[in-house]
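Summary of structural features
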Amino acid sequence: MDTRRVVFVLVCLVTAIMAIRGFVALQNGEFNTVGRQLGVGAIVFIFGIALVRRWDEIG
């Protein structure tokens, strides 16, 4: 498996974990944690997708 796919899988995995943590926090009523998980998860996802899309230019 090439490195680009590994990076994409890791980005998706981290984003999924952040979404699950946000969902659990929402169920517990911890709205600050929900916001933090959504914010950090979105940043990681956007950065990761941009990295994968521009892989040849960067690398």
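Here the structure is a predicted model, which is why all the values come from computation and not from measurement. (Residues numbered from 1 in each chain as written. Predicted model: local features only at pLDDT ≥ 70, side-chain atom pairs only at ≥ 80, totals over all residues. Heavy atoms only, no water.)

1. Quick notes on the UniProt feature "transmembrane region" (unreviewed entry) in the chain
Using the residue numbers shown here, the UniProt feature "transmembrane region" (unreviewed entry) corresponds to residues 35-52. Here residues 35-52 is 100% helix and 0% strand, with 26 Å between the C-alpha atoms at its ends. (UniProt positions renumbered as here; feature names shortened; annotations may be inferred. Helix = DSSP H or I, 4+ residues; strand = E, 2+ residues; numbered from the N terminus.)

2. So, helix H2 (residues 31-53)
Along an α-helix, residues three or four positions apart point the same way, because every turn accommodates 3.6 residues. Taking 1.5 Å per residue as the helical rise, H2 with its 23 residues ought to reach 33 Å, and the 33 Å between its terminal C-alpha atoms agrees with that figure. Turning to H2, its buried residues number three or more, namely Thr33, Val34, Gln37, Gly41, Gly48 and Val52. Here the buried face of H2 lies against helix H1 (3-28) and helix H3 (55-58). (Expected span 1.5 Å × (residues − 1). Buried < 20%, exposed > 50% of the residue type's maximum accessible area, 1.4 Å probe, protein only. Contact = heavy atoms within 4.5 Å.)

3. Observations concerning H1
Between its terminal C-alpha atoms H1 stretches 38 Å, which fits the 38 Å expected from 26 residues at 1.5 Å a residue. Positioned one or two residues after H1, Gly29 has a phi angle of 80°, which is positive.

4. Looking at the pattern of salt bridges
Applying the stated criterion to the full structure yields 3 salt bridges. Asp56 is paired through a salt bridge with Arg4; the nearest N and O atoms lie 3.0 Å apart. Linking Asp56 in helix H3 with Arg4 in helix H1, this pair joins segments that are 52 residues apart in sequence. Judged by relative accessible area, which is 26%, Arg4 ranks as partly exposed. (Salt bridge = Lys/Arg side-chain N within 4 Å of Asp/Glu carboxyl O.)

5. Focus on the environment of Ala25
When you line up the elements, Ala25 lands in helix H1. For Ala25, a relative accessible area of 3% corresponds to the buried category. Along the sequence, Ala25 and Arg5 sit 20 residues apart, while their C-alpha atoms lie 30 Å from each other. Beyond its immediate chain neighbours, meaning those up to four positions away, Ala25 contacts Glu30, Thr33 and Val34.

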